[in-house]
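# Chain and residue survey
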Amino acid sequence: MLVAAAVCPCPPLLVPAVAAGAAPELDALRAACTDALGVLAVARPDLLMVVGPAEKSGRGPHPEGTRGSFRGFGVDLDVRLGGPTDAETPTGPASERELPPSLAVAAWLLERTGWSDAPIEGLGVGEPLAPERCIAAGRDIAARADRVALLVMGDASACRSLRAPGYLDERAEPFDAEVARALAAADVAALTALDAELAYELKAAGRAPWQVLAGAAEGAGLSGTLLHDSAPYGVGYLVATWS
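Below or above, wherever it landed, is the structure these notes cover. All values derive from a computational prediction rather than experimental measurement.

Quick notes on the rules
- All residue numbers here refer to positions counted from 1 along the written sequence of the relevant chain.
- The predicted nature of this model means local features are confined to residues of pLDDT at least 70 and side-chain atom pairs, given and counted, to a pLDDT of 80 or more, with totals for whole chains, interfaces and linings taken over all residues.
- Hydrogens and water molecules were not included; the side-chain quantities draw on all heavy atoms of the structure.
- Here, nonpolar core means buried Ala, Val, Leu, Ile, Met, Phe, Trp, Tyr and Cys residues that are tied together by side-chain atoms lying within 4.5 Å of each other.
- Burial here depends on accessible area, computed with a 1.4 Å probe over protein chains only, as a share of the maximum for the residue type. Under 20% is buried, over 50% is exposed, and the range in between is partly exposed.
- Contact criterion: two residues are considered in contact whenever any of their non-hydrogen atoms come within 4.5 Å of each other.
- Any carboxyl oxygen of Asp or Glu within 4 Å of a side-chain nitrogen of Lys or Arg constitutes a salt bridge here.
- Numbering goes from the N terminus for both helices and strands, where a helix is a DSSP run of H or I of at least four residues and a strand is a run of E of at least two.
- Between the first and last residue of a helix there are one fewer steps than residues, each counted as 1.5 Å, and that sum is the expected span.
- Our arc is simply the arc of the directions from the helix axis toward the C-beta atoms.
- In short, DSSP must find at least two bridges between two strands for them to pair.
- Orientation is described by axes fitted as lines to C-alpha atoms, over the contacting stretch for helices, and by angles from 0 to 180 degrees between their N-to-C directions.
- An angle below 35 degrees is read as roughly parallel, one above 145 as roughly antiparallel, one from 65 to 115 as roughly perpendicular, and any other as oblique.
- Crossings are classed by handedness, with left-handed meaning an anticlockwise turn of the near helix from the far one by less than a right angle and right-handed meaning a clockwise turn.
- Polar here means any residue outside two lists: the nonpolar Ala, Val, Leu, Ile, Met, Phe, Trp, Tyr, Cys and Pro, and the charged Asp, Glu, Lys and Arg; Gly therefore counts as polar.

A few words now on the nonpolar core. If you look at the biggest cluster of nonpolar residues, it comprises 45 residues, and the most contacted ones within it are Leu150, Leu183, Leu191, Trp210, Leu213 and Trp242. Excluding residues that lie within four positions of it along the chain, leucine 191 makes contacts with Ala182, Leu183, Trp210, Gln211, Leu213, Ala214 and Trp242. Core analysis: the second largest hydrophobic core is formed by 41 residues, Ala4, Leu26, Ala104 and Ala118 among them.

The full count for this structure, using the stated rule, is 10 salt bridges. Residues arginine 71 and aspartate 76 are paired through a salt bridge, measuring 2.5 Å at the closest nitrogen-oxygen approach. Note on arginine 71: relative accessible area 46%, which makes it partly exposed. Residue glutamate 178 pairs with arginine 181 through a salt bridge whose shortest N-O separation is 3.1 Å. With glutamate 178 and arginine 181 both in helix H5 (residues 172–185), this residue pair falls 3 residues apart, about one helical turn. Residue class for arginine 181 comes out partly exposed when judged on its relative accessible area of 38%. Look at the salt bridges and you will find they share partners, linking Arg71, Asp76 and Asp78 into a network.

The next point concerns helix H4 (residues 131–142). The end-to-end C-alpha distance of H4, which contains 12 residues, comes to 17 Å, matching closely the 16 Å that a straight helix rising 1.5 Å per residue would cover. Turning to H4, its buried residues are Cys134, Ile135, Ala137, Gly138, Ile141 and Ala142. Taken end-on, H4 shows its buried residues confined to a sector of 160°, consistent with a single buried face. Opposite its buried face, H4 presents the exposed residues Glu132, Arg133 and Asp140, each directed more than 90 degrees away. Summarising the contacts, the buried residues of H4 are in contact with strand E1 (2–8), strand E2 (47–53), strand E6 (120–125), strand E7 (148–153), helix H6 (188–192) and helix H8 (207–217).

Attention shifts here to the sheet that holds strand E8 (residues 224–230). Here 7 strands make up an open sheet; going across it, the order is E3-E6-E2-E7-E1-E9-E8 and the pairing mixed. Edge strands, defined here as strands with exactly one partner in the open sheet, are strand E3 (60–62) and E8. Direction aside, the axes of adjacent strands within the sheet are offset by 20° on average. Of the pairings in the sheet, the one linking E2 to E6 comprises 6 bridges and is parallel in character. For valine 51, the partnering residue across the bridge sits in E6 and is leucine 123. Packed onto the sheet, helix H3 (residues 101–112) meets E1, E2, E3, E6 and E7 and runs at close to 140° relative to E2. Against the sheet, H4 touches E1, E2, E6 and E7, its axis set at about 145° to E7.

Here we come to unusual backbone geometry. Even without glycine at this site, alanine 186 takes up a positive phi of about 50°. Position of alanine 186 among the secondary structure elements: in the loop between H5 and H6. Looking at alanine 186, the relative accessible area reads 13%, which means it is buried. Phi is positive for lysine 203, which is not a glycine, with a value near 60°. A residue is classified by how much of its surface remains accessible, and lysine 203, at 44% relative accessible area, is partly exposed.

In this section: the packing of H4 against H8. Between H4 and H8, whose axes approach to 6 Å, the crossing angle comes to 50°. When the axis of H4 is compared with that of H8, the two are oblique. For the element pair H4 and H8, the recorded crossing hand is right-handed. From H4, Pro131, Cys134, Ile135, Ala137, Gly138, Arg139, Ile141 and Ala142 reach across to H8, where they touch Arg207, Ala208, Gln211, Val212, Ala214, Gly215 and Ala216.

Relative orientation of the contacting elements helix H2 (residues 27–42) and H3 amounts to 75°, with a least axis distance of 10 Å. In terms of orientation, H2 and H3 fall into the roughly perpendicular class. Between H2, through Arg30, Cys33, Thr34 and Leu37, and H3, the contact on the second element is made entirely by Trp108, Leu109, Leu110 and Arg112. The class makeup of the residues in the contact of H2 with H3 is 5 nonpolar, 1 polar and 2 charged.

Here you go:
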């Protein structure tokens, strides 16, 4: 059963080494993510599932100990999804595939906060995954243990300004506002009803992970809190907790 969830964005710029000189611009966002992970720890889960968007090569389950890297962003920085943080070989069966960028950011956040409260697994979900399949995946996750926590990674629209990756789209701000409202209210029905086609057009990579959350939270009776809402680079960044 789902007992807590944290929703965080997943731009590699969240990692100061990647952001370099621009790192201070996202200090408030990093602080909100840290606070959100604290809510997961307080819930004392038996299992933490980390869910984030992924290309085809990064989909599927990623067991604890799976490695990730920010070398593709020009930074010599490696991370690991839970397990040992040094060069020792993990005791569990780590995946031969690297973590997708969204889960690498999650692994960095977890390492940064010293997560050791429960075993971790990762799941990369494809952006085109149909809502009903996202919901079903969430239900399966919630049934994995008596007390399941979710760390849900994903950005809102990338069309909030002229300099945004997707240029300016007048539909982006209302879309993000509705997602923010749904996250703040732990509104499972509203997340379930998100328009997958519109989300794709607005480059909202968090749509599928948010709908996995909706499936996992069915019947859990959780309350939501919105911790952060900004779009500093024309991309919506939302942080929320459900508990």
